[in-house]
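Architecture at a glance
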Amino acid sequence: MKSQRGAIPVLVLYAVAALAATQLVPNWRLSNLFQKGPPTKELVAAQADLERAKAEAATAQAALAAATAERDSRMKQQVASGQQMVAGVQAALSRAPQGPEVKLAAGLAGRASLALSSAIGDLPADKQAEIQVIVEQALSSKQAEIDAANAALIKKDVELAQTTAARAAAEAKIPALEADRDAATARAAIAQASVTEKTGQIVKYAEAAARDKSENGSLGALVRKLGWVIVIAGLLYLLAHFLLPSIAQEFPNVGALQTLNKTVKSLTSAHV
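Throughout what follows, the structure given in this document is the object of discussion. Computed from a predicted structure; not experimentally measured. (Residues numbered from 1 in each chain as written. Predicted model: local features only at pLDDT ≥ 70, side-chain atom pairs only at ≥ 80, totals over all residues. Heavy atoms only, no water.)

What follows deals with the overall build of the protein. Across its full length, the protein carries seven helices and zero strands. Reading the secondary structure of the protein in the N-to-C direction produces α-α-α-α-α-α-α. (Helix = DSSP H or I, 4+ residues; strand = E, 2+ residues; numbered from the N terminus.)

What follows covers the pattern of salt bridges. Counted according to the given criterion, the structure contains eight salt bridges. Among the salt bridges present, the one from arginine 71 reaches aspartate 72, with a minimum N-O distance of 3.0 Å. Arginine 95 is paired through a salt bridge with glutamate 136; the nearest N and O atoms lie 3.4 Å apart. With arginine 95 in the loop between helix 2 (40–93) and helix 3 (100–120) and glutamate 136 in helix 4 (residues 125–138), the pair connects residues that are 41 residues apart, well separated along the chain. A relative accessible area of 43% means that glutamate 136 is categorised as partly exposed. (Salt bridge = Lys/Arg side-chain N within 4 Å of Asp/Glu carboxyl O. Buried < 20%, exposed > 50% of the residue type's maximum accessible area, 1.4 Å probe, protein only.)

This next bit is on the side chain of glutamine 83. Assignment of secondary structure puts glutamine 83 in helix 2. When sequence neighbours within four positions are dropped, the list of residues in contact with glutamine 83 reads Leu116, Ser117, Ile120, Gly121, Asp122 and Leu123. (Contact = heavy atoms within 4.5 Å.)

Two elements in contact, helix 2 and helix 4, have axes whose closest approach is 9 Å; the angle formed by their N-to-C orientations is 50°. Regarding the angle of helix 2 to helix 4, the classification is oblique. Considering only the axes of helix 2 and helix 4, their crossing is right-handed. Facing helix 2, whose interface residues are Gln84, Met85, Ala87, Gly88, Ala91 and Ala92, helix 4 presents Lys127, Gln128, Glu130, Ile131, Gln132 and Val135. Across the contact of helix 2 with helix 4, the residue classes break down as six nonpolar, four polar and two charged. (Axes fitted to C-alpha atoms, helices over the stretch in contact; angles between N-to-C directions. Parallel < 35°, antiparallel > 145°, perpendicular 65-115°, else oblique. Left-handed = near helix turned anticlockwise from the far one by under 90°. Nonpolar A, V, L, I, M, F, W, Y, C, P; charged D, E, K, R; others polar.)

See below:
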């Protein structure tokens, strides 16, 4: 008596053969079940990453711009302070005896004032009036006015020191902020490249799907499919009427195999 276990590999072989037969027709391939679709989820995630990276880059750029503006503003204040002092020199020299030295100093002070005006604009009228008062008080014969002028000049020195410290603090932040901006910009570029890649993949998938749809809908594709149907039907007929009965005869004691053979023969045979 033959072992019933011998029929199991044969049945497995037929099952594998049936699965392989489905691979003959592109639209019927079981492998299509595991085929990856378009990376839409990946694209959505990449777009979200890009938006975050752009926001980070914009924030970093804004912080750098603020620090740069602060530095430039403080530098302009420093120059404006020097411009006011130059105006004070001119005012003081105009009161001195006009010897060669005084004339030279006045000419140099005038050139310096012109250069500063070209750089940051003319000295505002209120600052001009303020320095005129300080010069007049400093050259006064009254000690109280001289003291007031000295106090005003000391206050100017304190303001300049504060402005200089604020400029240094802003300038010290710039290198780190530039590095943050560059890193955020690089991350945004990488995120943009990822979005571009995913978009290209979806476009290719859509183009391939459109080509497949066009080809599968053609008359030639229909004829090919009908041809494959006939071939597979013929193979199934050979299996049902020749191969399966032969195996059933080979293993008469395998009840399940006998039942399968009778069932298949009944389903595929003509009845009057």
